[in-house]
Amino acid sequence: MNMPIDNAALDALIRQRLDEILPQKLEELKAAKTPSMTIIATKGTLDWAYPPFILASTAAALGWDVSIFFTFYGLNLLKKDISDLKVSPLGNPGMPMKMPFGPDWFKGINWNIPNLIQAGIPGFESMATMLMKQTIKNNGVASIEELRSLSQEADVKFIGCQMTVDLFGFTHGDFIDGVEYAGAATFLPQAQQADVSLYM
Amino acid sequence: MNFDKELDAKGLNCPLPILRAKKALAEMTSGQVLRIMATDPGSVKDFAAFAKQTGNELLSTAEQGKEYEFFIKRK
């Protein structure tokens, strides 16, 4: 003989219990989950080399799982020798042009050099890069080499875009060890699961 | 305050003080205290956030002129 089941009462009971248990359970799950971040690094200049490596190394220090997908010009950041990364003030009106040496009044001057003149002076980029590197040093900011190796030591995963490797005529030998090579189909599922996903 | 290890992060800028602190803490045992000296004004907020996120306890923060001193207890 079947007992009649009072579905409405059962539902109400379940709902009430769920309201009691669920918030705590969700908190527990959230606390137990390791946060994760994926970054797409697309730029290959000295200035833009900083954001991915700063955030990746810091996130790793916070205990996060981190992977960086290097594509297009971002692949330059994986080269064995990155001492030749440059910064270009040309067409970059946001970049302060200040001297990293001399008396304070001199260092405070923002040299407003028109694009046309910047473009016409041979070696202008190299000079700007040299000045930028000195400024970085003066301010106790880490070098890209240092941040990159700190990221690797902290198990940040480096993924190189195989398509760009082919497109730009690179070989895997051009890059540091410990890089995986893959494509968009590898990155996207990782990004889907990540708590933070950034494009740089 | 008593401490077991000292980290001089003076002159270093973001994110190096945090990265060095993380490394120093990794070499310590649970309950030990790390003293950190820094000059980066951003480190005050950063060390508070670092402690909160990693579960290592920030015992104290002090400021003397342009120098900052932190005591962090290893989780």
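Residues numbered from 1 in each chain as written. Chains lettered and ligands numbered in written order. Predicted model: local features only at pLDDT ≥ 70, side-chain atom pairs only at ≥ 80, totals over all residues.

*Asks:* Quick rundown of the overall build of chain B? Include the residues and the values.
*Replies:* Secondary structure summary: chain B contains 2 helices and 4 strands in total. Listed by position from the N terminus, the elements making up chain B come as β-α-β-α-β-β. Here chain B has a C-alpha radius of gyration of 11 Å; the compact-globule value for 75 residues is 11 Å, and the two agree. For chain B, the spread of C-alpha atoms along the three principal axes comes to 30 × 25 × 20 Å. The buried share of chain B, reckoned over its 75 residues, is 31%. Partitioning the intrachain contacts of chain B with sequence separation of at least 6 by distance along the chain shows that 60% fall at a separation of at least 24. (Helix = DSSP H or I, 4+ residues; strand = E, 2+ residues; numbered from the N terminus. Rg over C-alpha atoms; globule rule 2.2 N^0.38 Å. Buried ≥ 20, exposed ≤ 12 C-beta atoms within 10 Å, placed from the backbone. Contact = placed C-beta atoms within 7 Å.)

*Asks:* Let's hear about the interface of chain A and chain B: which residues, and what values?
*Replies:* Counting residues at the interface gives 11 residues for chain A, matched by 11 residues for chain B. With 4 residues, the top contributor of residues to the side of chain A that touches chain B is helix α2 (residues 46–61) of chain A. When the residues that make up the side of chain A that touches chain B are grouped by side-chain class, the tally is 6 nonpolar, 5 polar and no charged. (Nonpolar A, V, L, I, M, F, W, Y, C, P; charged D, E, K, R; others polar.)

*Asks:* Mind laying out helix α5 (residues 124–138) of chain A, listing which residues take part and the relevant values?
*Replies:* Residues and elements named next belong to chain A. The end-to-end C-alpha distance of α5 is 21 Å, a good match for the 21 Å that 15 residues give at a rise of 1.5 Å each. Among the residues of α5, those classed as buried are Ala128, Thr129 and Met132. The buried residues of α5 occupy an angular sector of 100° when the element is viewed end-on, so they sit on one face. More than 90 degrees from the buried face of α5, the exposed residues found are Ser126, Lys137 and Asn138. In the core, the buried residues of α5 are packed alongside α2. Gly140 sits one or two positions beyond α5 and adopts a positive phi of about 65°. (Expected span 1.5 Å × (residues − 1). Arc of directions from axis to C-beta.)

*Asks:* A description of the pairing of strand β4 (residues 179–182) of chain A should follow, citing residues and the corresponding values.
*Replies:* Residue and element names in this part refer to chain A. Pairing analysis gives 4 bridges linking strand β3 (residues 157–161) to β4, with the strands arranged parallel. By the bridge assignment for β4, Phe158 is matched with Val179. Following the chain from β3 across helix α7 (residues 162–167) to the adjacent parallel β4, one finds a crossover that is right-handed. (Pairing = 2+ DSSP bridges. Right-handed = clockwise from strand over helix to strand, strands pointing away.)

*Asks:* Kindly report on the sheet that holds strand β1 (residues 5–9) of chain B, identifying the contributing residues and their values.
*Replies:* Residue and element names in this part refer to chain B. Taken in spatial order, the 4 strands make up an open sheet running β1-β2-β4-β3, and their pairing is mixed. Sheet topology places β1 and β3 (57–64) at the edges, where each strand pairs with a single neighbour. Neighbouring strand axes in the sheet, compared pairwise and without regard to direction, differ in orientation by 15° on average. Its contacts with the sheet place helix α2 (residues 43–54) against β2 (33–38), β3 and β4 (67–73), and it is angled at close to 175° to β3. (Axes fitted to C-alpha atoms, helices over the stretch in contact; angles between N-to-C directions.)

*Asks:* Got a sec to walk through the environment of Asp174 of chain A? Specific residues and values, please.
*Replies:* Residue and element names in this part refer to chain A. Here Asp174 is to be found in the loop between α7 and β4. With 28 residues separating them in the primary sequence, Asp174 and Glu146 have C-alpha atoms 19 Å apart. Those residues within four positions of Asp174 in sequence are excluded, and the remaining contacts are Lys79 and Lys80.

*Asks:* Can you break down the packing of α2 of chain A against helix α6 (residues 144–153) of chain A residue by residue, with the values?
*Replies:* Residues and elements named next belong to chain A. Contact geometry for α2 and α6: axes closest at 9 Å, N-to-C directions at 30°. Taken together, the axes of α2 and α6 are roughly parallel relative to one another. Judged by the twist between their axes, the crossing of α2 over α6 is left-handed. Every residue of α6 that contacts α2 at Leu46, Ala49, Phe53, Ile54, Ala56, Ser57 and Ala60 is listed here: Ile144, Leu147, Arg148, Leu150 and Ser151. Of the residues in the contact of α2 with α6, the class split is 9 nonpolar, 2 polar and 1 charged. (Parallel < 35°, antiparallel > 145°, perpendicular 65-115°, else oblique. Left-handed = near helix turned anticlockwise from the far one by under 90°.)

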